[in-house]
Amino acid sequence: MASATPATDFTDGEAAAMDVALAAALQGPRGANPLVGATILSPEGTSLFTGHHRGAGTPHAEADAIAQAQEAGADLSGCTMLVTLEPCNHVGRTGPCTEAIIDAGITSVVYAVDDPHDPAAGGARTLRAAGVQVRSGLAAEKALELNRRWFAAVAALRPFVTLHIAQTLDSRIAAEDGTSQWISSPESLADNHAIRRRIDAILVGTETVMVDNPRLSAREPDGTPSSAQPVRAVMGLRGIPANAAIRGDDGLAHHLPTREPKEALAALYEAGTRHVMVEGGSRILSAFLTAGLVDELIVYLAPTLLGSGTSALNGLGIGTLADAQRWEWDAADGGSVRSLGADLRLHLQPQHPLSSDPRNAAEPAQKGS
Ligand SMILES: NC(=O)c1ccc[n+]([C@@H]2O[C@H](COP(=O)([O-])OP(=O)(O)OC[C@H]3O[C@@H](n4cnc5c(N)ncnc54)[C@H](OP(=O)(O)O)[C@@H]3O)[C@@H](O)[C@H]2O)c1
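Residues numbered from 1 in each chain as written. Predicted model: local features only at pLDDT ≥ 70, side-chain atom pairs only at ≥ 80, totals over all residues.

So, about the overall build of the chain. The secondary structure content of the chain amounts to 10 helices and 16 strands. The C-alpha radius of gyration computed for the chain amounts to 22 Å, which stays within 12% of the reference 21 Å derived for 369 residues, consistent with globular compactness. Principal axes of the C-alpha set define a box for the chain whose edges measure 65 × 60 × 35 Å. Per-residue burial for the chain yields a buried fraction of 43% across its 369 residues. (Helix = DSSP H or I, 4+ residues; strand = E, 2+ residues; numbered from the N terminus. Rg over C-alpha atoms; globule rule 2.2 N^0.38 Å. Buried ≥ 20, exposed ≤ 12 C-beta atoms within 10 Å, placed from the backbone.)

Taken domain by domain, the chain comprises domain 1 (12–153) and domain 2 (157–350). Each of domain 1 and domain 2 has a C-alpha centre, and these two points are 32 Å apart. With 12 residues of domain 1 in contact, the opposing surface of domain 2 contributes 16 residues. Tallied by class, the residues present in the side of domain 1 that touches domain 2 amount to seven nonpolar, three polar and two charged. (Domains from an automatic or database assignment. Contact = placed C-beta atoms within 7 Å. Nonpolar A, V, L, I, M, F, W, Y, C, P; charged D, E, K, R; others polar.)

With that settled, the discussion passes to the site of the ligand. The local shell around the ligand holds 27 residues, among which G205, E207, G236, G280 and G281 are the closest. Broken down by secondary-structure element, the contributors of at least two residues to the shell around the ligand are β6 (160–168), β7 (172–174), β8 (201–205), α8 (206–212), β11 (275–280) and α10 (282–290). With five residues, α8 is the largest single contributor of residues to the shell around the ligand. Split into classes, the residues belonging to the shell around the ligand amount to 11 nonpolar, 10 polar and six charged. (Near = placed C-beta within 6 Å.)

Turning next to helix α3 (residues 97–104). Note: α-helices contain 3.6 residues per turn, so residues at a spacing of three or four share the same orientation. Every buried residue belonging to α3 is among C97, T98, A100, I101 and A104, and all of these are buried. The buried residues of α3 occupy an angular sector of 165 degrees when projected down its axis, which confines them to one face. Elements that come into contact with the buried residues of α3 comprise α2 (61–71), β3 (80–85), β4 (108–113) and α4 (123–129). After α3 finishes, the residue G105 shows a positive phi value of roughly 85 degrees. (Arc of directions from axis to C-beta.)

Now for the environment of P303. For P303, the location among the structural elements is in the loop between β12 (296–302) and β13 (310–311). Here P303 falls in the exposed class, since 10 other C-beta atoms lie within 10 Å of it. Aside from chain neighbours lying at most four places away, what touches P303 is L169 and A342.

Following the UniProt record, the feature "binding site: NADP(+)" (unreviewed entry) maps to A166, W182, T208, D212, G281, S282, R283, I284, L285, S286 and A287 here. Considering the C-alpha atoms alone, the annotated residues occupy 122 residues of sequence and remain spread out, their largest mutual distance being 23.7 Å. Mapped onto the fold, L285 is located in helix α10. C-beta crowding within 10 Å serves as the criterion here: with 25 such atoms nearby, L285 is assigned to the buried category. Excluding its chain neighbours within four sequence positions, the residues that come into contact with L285 are L163, I165, V278, G280, A312 and L313. Relative to the elements of secondary structure, A287 occurs in helix α10. For A287, a count of 22 C-beta atoms within 10 Å gives the class buried. (UniProt positions renumbered as here; feature names shortened; annotations may be inferred.)

The next thing to look at is the sheet that holds strand β2 (residues 47–52). If you walk across this open sheet you meet the five strands as β2-β1-β3-β4-β5, and the pairing is mixed. The open sheet has two free edges, formed respectively by β2 and β5 (133–136), since each of these has just one partner strand. On average, each strand axis in the sheet is tilted by 15 degrees relative to the strand beside it, whichever way the strands run. As defined by bridge partners, strand β1 (residues 37–41) adjoins β2 across five bridges and the pair is classed as antiparallel. Bridge pairing in β2 places I40 opposite F49. Where helix α1 (residues 12–25) meets the sheet, it contacts β1, β2, β3 and β4, and its direction lies at approximately 145 degrees from that of β1. (Pairing = 2+ DSSP bridges. Axes fitted to C-alpha atoms, helices over the stretch in contact; angles between N-to-C directions.)

This part is about the nonpolar core. Judged by nonpolar contacts, the single largest core of 42 residues is most densely connected at L163, L203, V278 and F288. Apart from residues lying up to four places away in sequence, L163 is in contact with V278, L285, F288, L289, V294 and L297. (Core = buried A, V, L, I, M, F, W, Y, C linked by C-beta atoms within 7 Å.)

If you want it as structure tokens, here you go:
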């Protein structure tokens, strides 16, 4: 990282194109990889093609924009690429973006922020060595904010954490007799399985295994197993029962003998997990939220009332409103609120610590207001 000195000599056209790239980035899903967008500008300053990243294992934003240009038969020699993150330099599940940029004949690259991820870093250096002009720092603040929690997870050497709650209108995740299948609509369940296909691991507490005996596999709409399956992790001091469905026969079940979310994440990270979805139940959800270890919150809200049963959360150690956890709507990946069948899918991220939300003001509001 820190592979380029931030520049200040950006044109209005480049600034506008970077805004287009930032908006495109928001179309992707959050997770193991950051949200990234890229726009190609013609030598005359016209925005030609815009790409974005669609999640781990899919082409990066730069490659996406270049592929569109190739499909259209466009000649990119002499063009400038605006990209929200330093182009990667490594061969992961996709080829290095630096190579795609050089091969396409792009002669100038402007990126917003350095890539903090060691194996990917050094892209700017490689581009310069190949004669590409490289500048950085344009819209850096917006680009950092775009992936604020992803940068935090990378710095902490832990997986990105998505928390999933499937609940009734009155925040119940199971009825009084323990039944919970299914609170969500078929469309919400299908969405959940689509997420399972792109995460590295799914995590539940021992009690959920005991009560629900879930498989926790990723399945296609027709019920058949998907080709990509996450690790199935169970967190708790008791072992996984010998006959638990979660064990499966593919070696992907993993017992984490701890009640500490940080320890569970460290063990998963050590095993290669970069994106985990915490699915429940109540005590596990609460433990991760209390520890401040949730980067993304997805709530499937069913138009159903139970009036009793298991609450989604069983306490966050908050005694007064001033200590409430504040969340903000997340426009990424299809938006903050979507209809899924009869349900609403709510998408949130932790509020920025310096948020100007008036509810965070130090002075309490007038009584009764
Ligand atoms: N609707 C949904 O989205 C959804 C999803 C999942 C589950 N559920 C429902 O949630 C219910 C289960 O919730 P639950 O709260 O009873 O159990 P849970 O959160 O699934 O598991 C609790 C168990 O996990 C272990 N554990 C690990 N870390 C812990 C920590 N920090 N704090 C407390 N326990 C920890 C403990 O077991 P050890 O003794 O082994 O340490 C504890 O008994 C079930 O009825 C299930 O149907 C609903």
